[in-house]
Amino acid sequence: MRNQTPPDTAADRAPDRAPDRAADRASVSVADLVRDGLVRADHSAALDPIAAQFRIRLTPDMRAAIATDPGTDPVAAQFVPDPREALIRPEELTDPIGDHAHSPVPGLTHRYPDRVIVHVTQSCEVYCRFCFRRETVGSDGPLPAQDLDAVMAYLAATPDIFEVILTGGDPLSLSARRIGDILARLADIPHIGAVRFHTRVPVVAPGRITPTLIAALKVRPAVSMVIHTNHARELTPAACAALARLADAGVPLMSQTVLLRGVNADADTLADLFRMLVRNRVKPYYLHHCDLARGTGHFRTTIAEGQAIMAALRGRISGLAMPTYVLDIPGGFGKVPIGPGYLTQSPDGSWQVRDPKGGLHRYDDPA
Ligand code: SF4
């Protein structure tokens with residue numbers, strides 16, 4: 001076992017050190033949002049109880065991507081708190097995807113036999129209002145050294161584990177040095193073949209994708225990234241340049257998008273996003289149905305609405321640009337594709353197949 005990682009120095013955090021000008025700083029409070037013109041002063045009191053419960057953070061990059069009235073803008077809707085977050089529906093949960101139900105050691109979720117999730121930090125560059133981990137993000141920062149040691153010991157002792165998914169929070173909110181240390185420790189475990197980052201950083205804080213970070217990603221386990229992005233407007237020129245730096249370095253890039261009412265819940269908006277991702281060498285991977293996190297009901301569509309959007313996209317954009325529409329079954333029972341389905345079986349055993357325009361066709365299996 002390697003020595004514990006010492007705390008980051010100021011130099012480690014260089015891409016994110018406290019900037020001098022307010023315009024270069026993240027908005028982290030209701031007062032900041034009022035100052036930045038994203039919340040009306042006479043609306044701020046209604047947001048204080050929300051801010052007390054769920055943390056606020058919005059980077060200068062995402063602030064600049066807000067191009068229309070903040071009350072209706074699809075980027076603002078993801079980061080600016082809303083009084084509707086006070087409405088907790090009976091079906092909503094504090095741990096909607098059951099991270100804690102499958103946690104043999106703190107900081108690690110082991111839901112499927114060959115892969116684990118490691119929550120290497122609870123911090124993010126932005127705090128998304130619909131986050132499925134909104135009850136835990138922002139609280140503790142990096143996983144404590146003794147917990148990281150226990151995670152590494154669990155991984156080393158469990159040879160069935162092939163893939164490690166680094167998440168959080170956002171793993172790329174850690175310093176490049178700390179990320180390099182984690183990757184080096186994973187490289188020391190021979191049965192770990194792949195490491196996947198789930199991150200919003202290349203989009204919301206593209207300046208953090210530095211040559212030092214990219215050098216740290218060049219390790220023996222195959223490193224890939226799943227980029228969380230929900231609207232084409234988030235893919236600013238700086239974000240596209242960060243994605244290019246990663247792609248040029250040979251890091252396979254995929255995306256995950258959350259289906260969000262008021263942000264992207266229509267076929268035109270998603271077609272723009274998925275094509276933009278393909279143009280930037282990112283394979284659209286998952287479209288998540290919005291999880292049952294507390295206070296997020298105003299974002300959630302019905303599953304039937306999501307299926308109708310997916311049906312409208314199929315045949316309109318290429319298969320390369322199509323993600324899989326998935327639901328994390330509440331309670332920690334795993335992630336499953338939720339359609340729409342194109343097959344039904346007739347009583348005689350033959351299949352009815354629906355084409356993208358809605359026509360039905362018979363298909364017979366070998367007798
Ligand atoms: S970046 Fe990811 S983990 Fe962080 S608040 Fe947004 S959705 Fe949650």
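Residues numbered from 1 in each chain as written. Predicted model: local features only at pLDDT ≥ 70, side-chain atom pairs only at ≥ 80, totals over all residues.

### So, the sheet that holds strand 12 (residues 360-363)
Here comes step 1: What the three strands build is an open sheet, ordered 10-11-12; its pairing is antiparallel. Strand pairing shows two members of the sheet lacking a second neighbour, strand 10 (343-345) and strand 12, which therefore form its edges. The mean angle between the axes of side-by-side strands here comes to 30°, regardless of whether they run parallel or antiparallel.
Here comes step 2: Sheet analysis places strand 11 (residues 351-354) next to strand 12, joined by four bridges and oriented antiparallel. Residue pairing for strand 12: Gln-352 is matched across the bridge by Arg-362. (Pairing = 2+ DSSP bridges. Helix = DSSP H or I, 4+ residues; strand = E, 2+ residues; numbered from the N terminus. Axes fitted to C-alpha atoms, helices over the stretch in contact; angles between N-to-C directions.)

### As for the domain arrangement of the protein
Here comes step 1: Each assigned domain of the protein is listed here: domain 1 (27-85) and domain 2 (100-345).
Here comes step 2: The C-alpha-based centres of domain 1 and domain 2 are spaced at 24 Å.
Here comes step 3: Taken together, the contact pairs 19 residues of domain 1 with 22 residues of domain 2.
Here comes step 4: Of all elements in the fold, only helix 3 (60-65) and helix 4 (76-79) reach the threshold of two or more residues within the side of domain 1 that touches domain 2.
Here comes step 5: By residue class, the composition of the side of domain 1 that touches domain 2 is eleven nonpolar, two polar and six charged. (Domains from an automatic or database assignment. Contact = placed C-beta atoms within 7 Å. Nonpolar A, V, L, I, M, F, W, Y, C, P; charged D, E, K, R; others polar.)

### Looking at the pairing of strand 7 (residues 283-289)
Here comes step 1: Two elements, strand 6 (residues 253-259) and strand 7, share six bridges in a ladder whose sense is parallel. Considered in strand 7, the bridge of Thr-257 is made with Leu-287.
Here comes step 2: In this fold, the crossover linking strand 6 to strand 7 by way of helix 10 (residues 267-279) has right-handed handedness.
Here comes step 3: As paired strands, strand 7 and strand 8 (residues 324-328) are joined by three bridges and run parallel to one another. Bridging from a neighbouring strand, His-288 pairs with Val-326 of strand 8. (Right-handed = clockwise from strand over helix to strand, strands pointing away.)

### Here's the deal with the nonpolar core
Here comes step 1: Core analysis: the largest hydrophobic core is formed by 84 residues, its most contacted members being Val-118, Val-126, Phe-130 and Val-164.
Here comes step 2: Shared between two domains, this core takes at least three residues from each, and those domains are domain 1 (27-85) and domain 2 (100-345).
Here comes step 3: The residues contacting Val-118, other than those within four sequence positions of it, are Gly-107, Leu-108, Val-151, Val-164 and Leu-166. (Core = buried A, V, L, I, M, F, W, Y, C linked by C-beta atoms within 7 Å. Buried ≥ 20, exposed ≤ 12 C-beta atoms within 10 Å, placed from the backbone.)

### Section: the environment of Asp-82
Here comes step 1: Relative to the assigned elements, Asp-82 resides in the loop between helix 4 and strand 1 (108-112).
Here comes step 2: According to the C-beta neighbour criterion, Asp-82 is buried, with 20 such atoms within 10 Å.
Here comes step 3: Along the backbone, Asp-82 and Leu-47 are 35 residues apart, and their C-alpha atoms lie at a distance of 6.8 Å.
Here comes step 4: In this structure Asp-82 touches Arg-129 and His-298, once residues within four positions along its chain are discounted.

### Observations regarding the sheet that holds strand 1
Here comes step 1: On the basis of which strands lie adjacent, the open sheet formed by nine strands has the order 1-2-3-4-5-6-7-8-9 and mixed pairing. Two strands in the sheet have a free side with no partner beyond their single neighbour: strand 1 and strand 9 (335-337). The average undirected angle you get between the axes of adjacent strands in this sheet is 25°.

### Structural notes on the site of the ligand
Here comes step 1: Neighbouring the ligand are Cys-124, Val-126, Tyr-127, Cys-128, Cys-131, Arg-133, Val-137, Gly-168, Gly-169, Asp-170, Arg-200 and His-228.
Here comes step 2: Considered class by class, the residues forming the shell around the ligand number six nonpolar, three polar and three charged. (Near = placed C-beta within 6 Å.)

### Some points on helix 11 (residues 303-313)
Here comes step 1: Buried within helix 11 are the following residues: Gly-306, Ile-309, Met-310 and Leu-313. Along the axis of helix 11, the buried positions cluster into a sector of 100°, meaning they face one direction only.
Here comes step 2: Contacts from the buried residues of helix 11 go to strand 6, helix 10, strand 7 and strand 8.
Here comes step 3: At the C-terminal side of helix 11, Gly-315 shows a positive phi close to 90°. (Arc of directions from axis to C-beta.)

### Some words on the packing of helix 10 against helix 11
Here comes step 1: It is the contact of helix 10 with helix 11, at a shortest axis distance of 9 Å, that shows an interaxial angle of 60°. When the axis of helix 10 is compared with that of helix 11, the two are oblique. Seen along the crossing, helix 10 lies across helix 11 with a hand that is right-handed. Of helix 11, the residues touching helix 10 (which contributes Ala-267, Leu-270 and Ala-271) are Ile-309, Ala-312 and Leu-313.
Here comes step 2: Looking at the contact of helix 10 with helix 11 residue by residue, the class counts come to six nonpolar, no polar and no charged. (Parallel < 35°, antiparallel > 145°, perpendicular 65-115°, else oblique. Left-handed = near helix turned anticlockwise from the far one by under 90°.)

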